[in-house]
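The primary structure of each chain is shown beneath.
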Amino acid sequence: QVQLVESGGGLVQAGGSLRLSCAASGRTFNPYQMAWFRQPPGKEREFVAVITWSGGITSYADSVKGRFTISRDNAKNTVYLQMTSLKSDDTAAYFCAMLIPGRTRYDYWGQGTQVTVSS
């Protein structure tokens, strides 16, 4: 089985920065694609960013493009989300997810880490 553990969330003022981490352990099914999603209070979960195994291809939601950067360190089985110029609209629970080869849906999810941006 796969375990994903997020960390790095917290309370930050608008305009500030945070870096989230997601560490994978267990059977990681290399090569795997990783993504970040978020769920704002009272809203549906939404896509934030995705990165391929090599890190050569990334994609972002329009709402975070230019402010957030996804990266990964395969030696550490860890994916990161660097968030800058944070806005109150970025307040959400952030989840990482793993897409293993041959699958079309994210089968493995972390427990989430809360990001709260105060205005």
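Procedures and definitions
- Residues numbered from 1 in each chain as written.
- Predicted model: local features only at pLDDT ≥ 70, side-chain atom pairs only at ≥ 80, totals over all residues.
- Heavy atoms only, no water.
- 1 Å grid on protein atoms, 1.4 Å probe; cavity = no way out; pocket = protein on both sides within 12 Å on 5 of 7 lines; lining within 4 Å.
- Points joined across faces, edges and corners; volume = space filled by probe spheres on them.
- Helix = DSSP H or I, 4+ residues; strand = E, 2+ residues; numbered from the N terminus.
- Nonpolar A, V, L, I, M, F, W, Y, C, P; charged D, E, K, R; others polar.
- Salt bridge = Lys/Arg side-chain N within 4 Å of Asp/Glu carboxyl O.
- Contact = heavy atoms within 4.5 Å.
- Buried < 20%, exposed > 50% of the residue type's maximum accessible area, 1.4 Å probe, protein only.

A. Representation of empty space enclosed by the protein. According to the stated counting rule, one finds one cavity of 30 Å³ or more in the structure shown. The space that makes up the largest cavity amounts to roughly 30 Å³. Lining the largest cavity we find C22, A24, Y32, M34, R72, N77, T78 and V79. For the lining of the largest cavity, the secondary-structure elements that each account for two or more residues are strand 3 (18-26) and strand 8 (78-83). Taken together, the residues that form the lining of the largest cavity break down as five nonpolar, two polar and one charged.

B. Region of interest: the pattern of salt bridges. Scanning all chains against the criterion turns up six salt bridges. Two residues, K65 and D62, come together in a salt bridge whose shortest N-O distance is 3.0 Å. Overlapping salt bridges, with partners in common, bring together R38, E46, R67 and D90 in one network.

C. Inspection of the environment of L99 at higher detail. Relative to the helices and strands, L99 is located in strand 9 (residues 92-99). The spacing of L99 and Q33 is 66 residues in sequence and 5.0 Å in space, taken between C-alpha atoms. When neighbours within four sequence positions are excluded, L99 is seen to be in contact with Y32, Q33, T104, R105 and Y106.

D. Quick peek at unusual backbone geometry. Its identity is not glycine, yet N77 carries a phi of approximately 50°, on the positive side. With respect to the helices, strands and loops of the structure, N77 is situated in the loop between strand 7 (68-73) and strand 8. Given the relative accessible area of 21%, N77 is considered partly exposed. Despite not being glycine, S85 shows a phi value in the positive range, around 45°. Note that S85 resides in the loop between strand 8 and strand 9.

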